[in-house]
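# Per-entry structural report
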Amino acid sequence: MTDITPSGHSSDHGNQPERLGYSPVADIPHKPRVTDIDPKAAKRAERQVASMFLLSIIFVILFVVAFVGIDKSTAIYIPVLGVVGALQVALGFTMGVAILLIGAGAIQWAKKLMPDVEVVQQRHDMNSEPEAAAEAAANYQRGKEESGFVRYPIIRRTLIAALALFPIPLIVLLRDLWITPPGESPEEELSRTAWHEGLRIVADGNFQPIRPEDIPVGGLVSALPIDIMEIQEEEHNLNARGKAAIILVRMDPDQIRSQQGDNWDYQGILAYSKICTHVGCPIALYEQRTHHLLCPCHQSTFDLADSGDVIFGPAARRMPQLPIGVDEEGFLVARSDFTEPVGPSFWERS
Ligand code: FES
């Protein structure tokens, strides 16, 4: 049963508080708040609360303005954090302040204007029976002794220290959510791969350069840039290999319905990224009769004879195509880097 008295006094506390270990509410003098006795103060508090809610609305509007108006590649320098994306800072700041103001307004409202009453809730005694309490204490004591937690102080202290430091790597990893290399936006970083004009294409596995005649019509070869191993070793860039991985497929040139650029094939050999544009699985399941490339992860299907367009599944983007040709010795080479980011979508991708 719950008694509420707007005056601040319990109406029914006569015989229970002592047994439950509570002080009778009626014995605590009720102190009215200034907003209870001064209508002007109450009006002021009302205006304060409303101002916070209004400011929150303004910050939500600023959030939308920042999202639309700030270029995604704009970077700013912030002491301690270094170079960060201006858009991310603006979105985080405006959204954070908007939420903070709603919270602060609600607290002020509750503290200054909502009814100020004392509430008495009667409860049964929650103490355990003495035998059950003694048994629980004995179990605890026995567990403590058997675990050796008290007997081996070095283990105890090192365990406590290890657990205390355990969250630190998680906090450090959060840094990667906003730090980008100086002068580079995430979009630039993710848009570039190891490919460039004239770079030989080698087979993934034996790293041998490939001639057009090595690929029969209907064939598929997984391939990489010739210098990918050096890039990996010198720059310690493990992502480079994944981003640059391609597949070469050969079809009758008459069956190519469209490409992502003029004559990006070489005699019917087409090069596409090997990384699915859904969530990035490597793909090499090719159906030579239909020219369909099937991703084994979630069954996205791409038509390689038609610009790599998505014809089925959850992928939202076509497979990026790499323009290719041959060098003076007749080996297949790239004619440039990819002209769009490879792999899954990301926030900055337009
Ligand atoms: S990763 Fe390819 S369909 Fe999901």
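Described below are features of the structure shown in this document. Everything numeric in this text was worked out from a predicted model, so none of it was measured.

## Comments concerning the sheet that holds strand β5 (residues 201-203)
Strand order across the open sheet formed by five strands is β5-β6-β7-β8-β13, with antiparallel pairing between neighbours. Every interior strand has two partners, whereas the edge strands, β5 and β13 (321-322), have only one. The sheet contact formed by β5 and strand β6 (residues 220-225) spans three bridges and is antiparallel. Paired with V202 across the bridge in β6 is L224.

## Looking at the sheet that holds strand β12 (residues 309-312)
The strand order across the open sheet built from four strands is β9-β10-β11-β12, with neighbouring strands paired in antiparallel fashion. This sheet does not close on itself; its edge strands, each paired only once, are β9 (285-287) and β12. Adjacent strand axes in the sheet meet at a mean angle of 30° when their direction is disregarded. In this structure, β9 lies alongside strand β10 (residues 292-294), joined through three bridges in antiparallel fashion. Residue E287 lies in a different strand from β10, and its bridge partner there is H292.

## Considerations on helix α6 (residues 153-165)
Every α-helix carries 3.6 residues per turn, so stepping three or four residues along brings you back to the same face. Between its terminal C-alpha atoms α6 stretches 18 Å, which fits the 18 Å expected from 13 residues at 1.5 Å a residue. The element α6 is barely covered by neighbouring structure, given that only zero of its 13 residues are classed as buried.

Thresholds, definitions, all that
- Residues numbered from 1 in each chain as written.
- Predicted model: local features only at pLDDT ≥ 70, side-chain atom pairs only at ≥ 80, totals over all residues.
- Pairing = 2+ DSSP bridges.
- Helix = DSSP H or I, 4+ residues; strand = E, 2+ residues; numbered from the N terminus.
- Axes fitted to C-alpha atoms, helices over the stretch in contact; angles between N-to-C directions.
- Expected span 1.5 Å × (residues − 1).
- Buried ≥ 20, exposed ≤ 12 C-beta atoms within 10 Å, placed from the backbone.

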